[in-house]
Amino acid sequence: MMNLLTASKTLFLAFGLMLVSITSQAGQKDFGEYQVHWSVLPSTFLAPEVAQANNLQRSRGIGVVNISIMTEDEHGQIQPVSGQVEGQVSNDIQQVNFLAFRRIQEGDAVYFIAQYQYQSGDLMTFNVTARPSGHQEDLPIRFSHTLFND
């Protein structure tokens, strides 16, 4: 059985690959000193052992949203930043659900994950606020995605 650290790294890798491979389901917004990155995917894209190790439900009609707060270090390298994330998601007919983000940290990597329910083909609109640790202002992002059941 996969241990929790290996499963968490696999989850992080899965999100990283999703950022690269499905650009229509990922994005970022620049706030000067900070950037907020996001990705969205159906929970069925996660391997069963990864979902189990990270206490994520894996089912048709359940999506996963991943948020990362990033900044450049003195060498110009993008680095993750701790903080907090909150938000909500709404469907085409304005039914709103709050997102329960969980902070996950693996070494230097920090990201925030929440799950939500969707109907296949529905346009889901996310309103998310990220706040880096020690930063007084919120970093609001709004994005929309449509997921389809596999």
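Every value quoted in this text rests on a predicted model; they were computed, and no experiment measured them.

**A look at the packing of aromatic side chains**
Then step 1. Using the criterion set out here, one finds 4 aromatic pairs in the structure.
Then step 2. Taken together, a centroid distance of 4.5 Å and an interplanar angle of 10° make the contact between Trp38 and Phe143 stacked. Of this pair, Trp38 sits in strand β2 (residues 34–42) while Phe143 sits in strand β10 (residues 139–146); the two residues are 105 residues apart in sequence, bridging distant segments of the chain. Summarising the burial analysis for this pair, Trp38 and Phe143 share the class buried.
Then step 3. Of the aromatic side chains, those joined through ring pairs into one cluster are Trp38, Tyr116, Tyr118, Phe126 and Phe143.

**A few points about the environment of Gly63**
Then step 1. Following the sequence through the fold, Gly63 ends up in strand β3 (residues 62–72).
Then step 2. For Gly63, a relative accessible area of 0% puts it in the buried group.
Then step 3. Taking the C-alpha atoms as reference points, Gly63 and Leu147, 84 residues apart in sequence, are found 7.9 Å from one another.
Then step 4. Residues contacting Gly63, with those up to four places away along its chain left out, are Leu41, Pro42, Ser43, Ala114, Gln115, Tyr116, Tyr118 and Leu147.

**Points about the sheet that holds strand β5 (residues 83–90)**
Then step 1. The 4 strands lie next to each other as β6-β5-β9-β10, forming an open sheet whose pairing is antiparallel. The sheet is open, and its two edges are formed by β6 (96–99) and β10, each paired on a single side. Neighbouring strand axes in the sheet, compared pairwise and without regard to direction, differ in orientation by 20° on average.
Then step 2. Relative to β6, β5 is paired through 4 bridges, and the arrangement is antiparallel. Across the sheet, residue Ser90 finds its bridge partner in β6, namely Val96.

**Regarding the side chain of Gln35**
Then step 1. Looking at where Gln35 falls in the secondary structure, it is placed in strand β2.
Then step 2. A polar atom in the side chain of Gln35 sits 2.8 Å from the side chain of His37.

**Digging into the pattern of salt bridges**
Then step 1. A complete count under the given rule lists 1 salt bridge for this structure.
Then step 2. Linking Asp138 and Arg131 is a salt bridge whose minimum nitrogen-to-oxygen distance equals 2.8 Å.
Then step 3. Using a relative accessible area of 30% as the deciding quantity, one classes Arg131 as partly exposed.

**Notes on the confidence of the model for the protein chain**
Then step 1. Looking at the protein chain as a whole, its pLDDT mean stands at 85, while 83% of the residues score no less than 70.
Then step 2. In the predicted structure, residues 1–7 sits below a pLDDT of 50 and forms 10 contacts with residues beyond four places in sequence or in another chain.
Then step 3. A low-confidence stretch, residues 16–24 (pLDDT under 50), is modelled with 8 contacts involving residues beyond four sequence positions or located in other chains.

What counts and what doesn't
Residues numbered from 1 in each chain as written. Predicted model: local features only at pLDDT ≥ 70, side-chain atom pairs only at ≥ 80, totals over all residues. Heavy atoms only, no water. Phe/Tyr/Trp six-rings, centres within 6.5 Å; stacked < 30°, edge-to-face > 60°. Helix = DSSP H or I, 4+ residues; strand = E, 2+ residues; numbered from the N terminus. Buried < 20%, exposed > 50% of the residue type's maximum accessible area, 1.4 Å probe, protein only. Contact = heavy atoms within 4.5 Å. Pairing = 2+ DSSP bridges. Axes fitted to C-alpha atoms, helices over the stretch in contact; angles between N-to-C directions. Polar contact = N/O pair within 3.5 Å; in protein donor to acceptor, adjacent residues only side chain to side chain. Salt bridge = Lys/Arg side-chain N within 4 Å of Asp/Glu carboxyl O. pLDDT = per-residue confidence, 0-100.

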